[in-house]
Amino acid sequence: MTRRPLAVVIGSARADDGGLADARELGRALVDIGFRVATGGLGGIMDAALHGARSSTRYREGDTVAFLPAYGETGVSAAADIVLRTGLQHARNVVMIASADVVLAIGGRAGTLTELALAWELSRPVIAVGSSAGWATELAGRALDDRRTDKVHGPLVAGDAAQLAWALVDSAGPAREYT
């Protein structure tokens, strides 16, 4: 069996109900299709995506990962199987995005914008999910600059975003198995 790819879900800690529902559905769809799911590990979109991932019938322990900004676990999602206490504050985003095979964004504010820019710089595929107001939907269908030939995909509903994520990751390397 090859390594299961890591999908990083980004978005605001202060999300609306629609964004939270999108995040739960996305987390579940990503695990259903064969991903592990990582987030910044705190509230809002991050927590909802991890809970959604755990609700998948294909969930296995170790499928949910939290990249925390601090050394402690204050505010960490109860749905995180693996907790990485980086102590890097906002710089933890570099480690998280560098670890991603694909990045999926829901809404988002300034923190999400920095993660989107990092994903673009590190040549990670980026997919906007849902219709929540924020940087993900603002940048959907656009290139962040001229150094890449692709664009931010979407916005897509959660299931379609998970399918596209799998196709993008699969086309980037050897075929992945999920058993």
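Please read these numbers as outputs of a predicted model, since none were measured by experiment. (Residues numbered from 1 in each chain as written. Predicted model: local features only at pLDDT ≥ 70, side-chain atom pairs only at ≥ 80, totals over all residues. Heavy atoms only, no water.)

Draft legend 1. Representation of the confidence of the model for the protein chain. Looking at the protein chain, the pLDDT average stands at 94 and 96% of residues meet or exceed 70. For residues 175–179, every residue scores under 50 in pLDDT, and the model assigns this stretch 20 contacts once sequence neighbours within four places are set aside. (pLDDT = per-residue confidence, 0-100. Contact = heavy atoms within 4.5 Å.)

Draft legend 2. Quick look at the nonpolar core. Judged by nonpolar contacts, the single largest core of 32 residues is most densely connected at Val 9, Leu 26, Leu 30, Phe 35, Val 102, Leu 104 and Ile 127. The set of elements that each furnish at least two residues to this core consists of strand S1 (6–11), helix H1 (17–33), helix H2 (45–54), strand S3 (64–68), strand S5 (102–106), strand S6 (126–129) and helix H6 (158–172). Per-element tally for this core: the top contributor is H6, with seven residues. Those residues in contact with Val 9 that sit more than four places away from it in its chain are Leu 26, Leu 30, Val 37, Ala 38, Thr 39, Ile 45, Ala 49, Leu 104 and Ile 106. Counting residues in hydrophobic clusters, the runner-up holds 20 residues, among them Val 103, Ala 128, Ala 136 and Val 152. (Core = buried A, V, L, I, M, F, W, Y, C linked by side-chain atoms within 4.5 Å. Buried < 20%, exposed > 50% of the residue type's maximum accessible area, 1.4 Å probe, protein only. Helix = DSSP H or I, 4+ residues; strand = E, 2+ residues; numbered from the N terminus.)

Draft legend 3. Looking closely at the pattern of salt bridges. What the rule picks out here adds up to nine salt bridges. With a closest N to O distance of 3.1 Å, Asp 101 and Arg 3 form a salt bridge. In this pair, Asp 101 sits in the loop between helix H3 (92–99) and S5 while Arg 3 sits in the segment before S1, placing the two residues 98 residues apart along the sequence. Here Asp 101 falls in the buried class, since its relative accessible area comes to 17%. With a closest N to O distance of 3.6 Å, Asp 63 and Arg 36 form a salt bridge. Of the two residues, Asp 63 is situated in the loop between H2 and S3 and Arg 36 in strand S2 (residues 36–39); the sequence distance between them amounts to 27 residues. Residue classification places Asp 63 among the buried residues on the basis of a relative accessible area of 0%. Within this structure, Arg 4, Arg 36 and Asp 63 form a network of salt bridges that share partners. (Salt bridge = Lys/Arg side-chain N within 4 Å of Asp/Glu carboxyl O.)

Draft legend 4. Structural context of unusual backbone geometry. Residue Gly 154 is joined to Pro 155 through a cis peptide bond whose omega torsion reads 10°. Relative to the helices and strands, Pro 155 resides in strand S7 (residues 153–156). With a phi angle near 50°, Gln 89 is a residue other than glycine that sits in the positive phi range. Looking at where Gln 89 falls in the secondary structure, it is placed in the loop between strand S4 (82–85) and H3. Taking relative accessible area as the criterion, Gln 89 reaches 46% and is therefore assigned partly exposed. Positive phi, close to 60°, is recorded for Ser 123, a residue that is not glycine. With respect to the helices and strands, Ser 123 occurs in the loop between helix H4 (110–121) and S6.

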